[in-house]
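# Chain and residue survey
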Amino acid sequence: MSSEFIHLHVHTQYSLLDGAIRIDPLLERAAVFQMNALAITDHGSMYGVIEFYEKAYAAGIKPIIGCEVYVARGSRFDKGAGQKGGTHHLILLAKNKQGYRNLCKLVTAAHLEGFYYKPRIDKAILAECCDGLIALSACLHGEIPRLIQAGRQDWAAEVARAYEAMFGEGNFYLEVQNNGIAVQDTVNEALLEISRSLSIPLVATNDCHYLSPEDARAHDVLLCIQTQKTVHEKKRLKFQTDQLYFKSPEEMQSDFGVYPGAIS
């Protein structure tokens, strides 16, 4: 019997120096969990798509091709002072061939047109290439979660309404997570309220960056390599949790049973 839950927010080794999940062990773990489908959503890139697709297909697991894109706050063509770090995260999943083609176009434009420290798209090109795509509101670095953290829930609801209008009804989801970060609970409650008021569905993810809980230390070292820091430095990029692993369906059900439809 296959699992009702599948992971839709997963960073592999192709999220360079950020994801610590290798494709083969990932698919082996998905098979143990009886997941009949699985997504890949690396940061700003699709480097791992071919390997993931071929190996998942061979293993009898439906490969869902996706990407966690960086959305510029203004135009992707704007570069210079004030633009570094000025992006929001957004998860995009291809639901058909047209969606895959559009995802390729978006990631290509992000690198060739929008690259400034990171590959960036903007809402203009997103609106042009949204056919066949499903979007999730992403982690705490997504636009909607950030507005909630800033106390702008009304504005967050308007942004959610705009994304649903862009992608179409049933193609935009509010992403709830249980990652051990205190502010996430506040964000989840606000997302639940927005979901109820706007009838936008919820989806449970875990923003997986490593396969098992014991890999959190190794992932922290990986971040140090990325940022050219040592593990002993206090002022450095460091995840405030050890919960970003490939959780079992039972763990996810326990975490999100109170959120209507988020698991299914």
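Residues numbered from 1 in each chain as written. Predicted model: local features only at pLDDT ≥ 70, side-chain atom pairs only at ≥ 80, totals over all residues. Heavy atoms only, no water.

### Description of the nonpolar core
In this structure, L38, L90, L92, I144, F167, L174 and F246 are the most contacted members of the largest nonpolar core, which totals 76 residues. If we skip the residues at most four places from it in the chain, L92 touches I65, G66, C67, V69, L103, L106, L126, L133, I134, A135 and F167. (Core = buried A, V, L, I, M, F, W, Y, C linked by side-chain atoms within 4.5 Å. Buried < 20%, exposed > 50% of the residue type's maximum accessible area, 1.4 Å probe, protein only. Contact = heavy atoms within 4.5 Å.)

### A look at the pattern of salt bridges
Opposite charge on two side chains lets them pair, provided their charged atoms get close. Applying the stated criterion to the full structure yields seven salt bridges. In this structure, E158 and R161 form a salt bridge, with 3.4 Å as the shortest nitrogen-oxygen distance. Of this pair, E158 and R161 both sit in helix 6 (residues 153–167), three residues apart, roughly one helical turn. A residue is classified by how much of its surface remains accessible, and R161, at 41% relative accessible area, is partly exposed. In this structure, K247 engages D255 in a salt bridge whose closest nitrogen and oxygen atoms are separated by 3.2 Å. When its relative accessible area of 22% is taken as the criterion, D255 is described as partly exposed. (Salt bridge = Lys/Arg side-chain N within 4 Å of Asp/Glu carboxyl O. Helix = DSSP H or I, 4+ residues; strand = E, 2+ residues; numbered from the N terminus.)

### Overview of the environment of P260
Position of P260 relative to the elements: it lies in the segment after helix 9 (249–256). By relative accessible area, P260 is classed as exposed at 52%. Between the C-alpha atom of P260 and that of S195, which follows or precedes it by 65 residues, the distance is 9.7 Å. Residues within four places of P260 in sequence aside, it is in contact with L192 and L202.

### Side note on the pairing of strand 2 (residues 62–72)
Most of strand 2 sits out of view: ten of its eleven residues are buried. For strand 1 (residues 37–43) and strand 2, the ladder comprises seven bridges, and the chain directions are parallel. Bridged to A37 within strand 2 is K62. Taking the sense of rotation as the criterion, the β-α-β connection linking strand 1, helix 2 (residues 49–58) and strand 2 turns out right-handed. One ladder, built from seven bridges, connects strand 2 with strand 3 (residues 87–94); its direction is antiparallel. Across the sheet, residue V71 finds its bridge partner in strand 3, namely H88. Both strand 2 and strand 4 (residues 120–121) contribute to a ladder of two bridges, which runs parallel. Bridging from a neighbouring strand, Y70 pairs with R120 of strand 4. (Pairing = 2+ DSSP bridges. Right-handed = clockwise from strand over helix to strand, strands pointing away.)

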